[in-house]
Amino acid sequence: MTIRVLFFASLADATGMREAEVDPGLHPDVASVFTEFARKFPKLEAHRASLLYALNSEFVAPDAAVSDGDEVAFLPPVSGG
Amino acid sequence: MFHLVREPIDVERIRDALVRPEDGAVAVFQGVVRNHARGRRVTAIEYHAYESMALRKLEEIGARARTEFAIREIAIVHRLGRLEPTEASVAIVVVSAHRAAAFDSCRFAIDTLKKIVPIWKKEIYEGGEVWIEGGN
């Protein structure tokens with residue numbers, strides 16, 4: 001299974017990348033995908049409390065299940081306008 | 001009309017595209033880059049978006065505005081990239097028969113945009129730059 005993962009704003013700075021393709025393993029949810037990345041990029045951990053999760057361009061809860069071909073995005077609190 | 005653009009926003013053109021003879025009010029809100037924030041001098045702001053989702057959310061705000069207020073049409077255009085003070089980062093144009101709904105829905109649209117649309121700004125100062133996240 002392959003999913004696309006997107007990082008925005010300070011999260012892109014923390015990982016040094018804007019997107020990645022990964023195999024999230026068995027029975028993943030969006031929060032566990034984040035945990036995997038936080039293991040590789042410890043700076044991400046500080047963002048977890050304020051993070052919003054999106055799955056295929058819609059806000060979802062941390063326990064939303066991920067399927068093959070999905071696009072998962074980690075969003076810092078927004079500041080447009 | 002819901003767009004993310006990289007060039008200056010032409011509010012008059014949006015207004016002209018929206019307004020019809022049956023309308024009695026046009027309300028326009030522009031969010032503008034300010035030259036100061038948090039006690040520092042801001043030289044520019046860079047706007048970044050999760051574009052596919054941001055567009056979807058702008059459309060969602062428009063649909064809610066049309067349902068919840070007595071308006072005929074609404075346009076929301078947000079600019080991305082690097083902007084300088086006095087330039088508009090966002091424009092909301094509402095047309096309606098009467099002014100109250102136009103004012104109210106404009107306010108609703110900008111307030112909701114600031115909460116749910118995945119766009120982020122980076123403030124650029126003379127001696128550095130900082131992502132602004134939340135606080136709206």
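Structural notes, computed from the coordinates. (Residues numbered from 1 in each chain as written. Chains lettered and ligands numbered in written order. Predicted model: local features only at pLDDT ≥ 70, side-chain atom pairs only at ≥ 80, totals over all residues.)

Take the pairing of strand β8 (residues 119-125) of chain B next. Residue and element names in this part refer to chain B. Pairing analysis gives seven bridges linking strand β4 (residues 40-49) to β8, with the strands arranged antiparallel. Across the sheet, isoleucine 45 pairs through a bridge with glutamate 123, a residue of β8. Note: β8 against strand β9 (residues 128-132), five bridges, orientation antiparallel. Opposite glutamate 123, over in β9, you have valine 130 as the bridge partner. Hairpin connection of β8 to β9: two residues between the antiparallel strands. (Pairing = 2+ DSSP bridges. Helix = DSSP H or I, 4+ residues; strand = E, 2+ residues; numbered from the N terminus.)

Even without a glycine there, the phi angle at Ala9(A) is positive, about 50°. For Ala9(A), the location among the structural elements is in the loop between β1 (3-7) and α1 (10-15). On the basis of neighbour count, Ala9(A) is assigned to the buried category, with 25 C-beta atoms found within 10 Å. The phi dihedral of Arg38(B) falls on the positive side, at around 50°, and the residue is not glycine. (Buried ≥ 20, exposed ≤ 12 C-beta atoms within 10 Å, placed from the backbone.)

A few words now on the interface of chain B and chain A. In this assembly, 24 residues from chain B lie in contact with 15 residues from chain A. When grouped by side-chain class, the residues that make up the side of chain B that touches chain A number 12 nonpolar, eight polar and four charged. (Contact = placed C-beta atoms within 7 Å. Nonpolar A, V, L, I, M, F, W, Y, C, P; charged D, E, K, R; others polar.)

So, about the sheet that holds strand β1 (residues 2-5) of chain B. All names here are of chain B. The strand order β1-β5-β7-β2 describes an open sheet built from four strands, whose pairing is mixed. The open sheet is flanked by β1 and β2 (25-32), the only strands paired with a single partner. The average angle at which neighbouring strand axes cross in this sheet is 10°, direction not considered. By the bridge criterion, eight bridges tie β2 to strand β7 (residues 88-96) in an arrangement that is antiparallel. By the bridge assignment, phenylalanine 29 is partnered in β7 with isoleucine 92. Each of β1 and β5 (73-79) is contacted by helix α2 (residues 51-68), which is oriented at about 145° to β1, the strand it contacts most. (Axes fitted to C-alpha atoms, helices over the stretch in contact; angles between N-to-C directions.)

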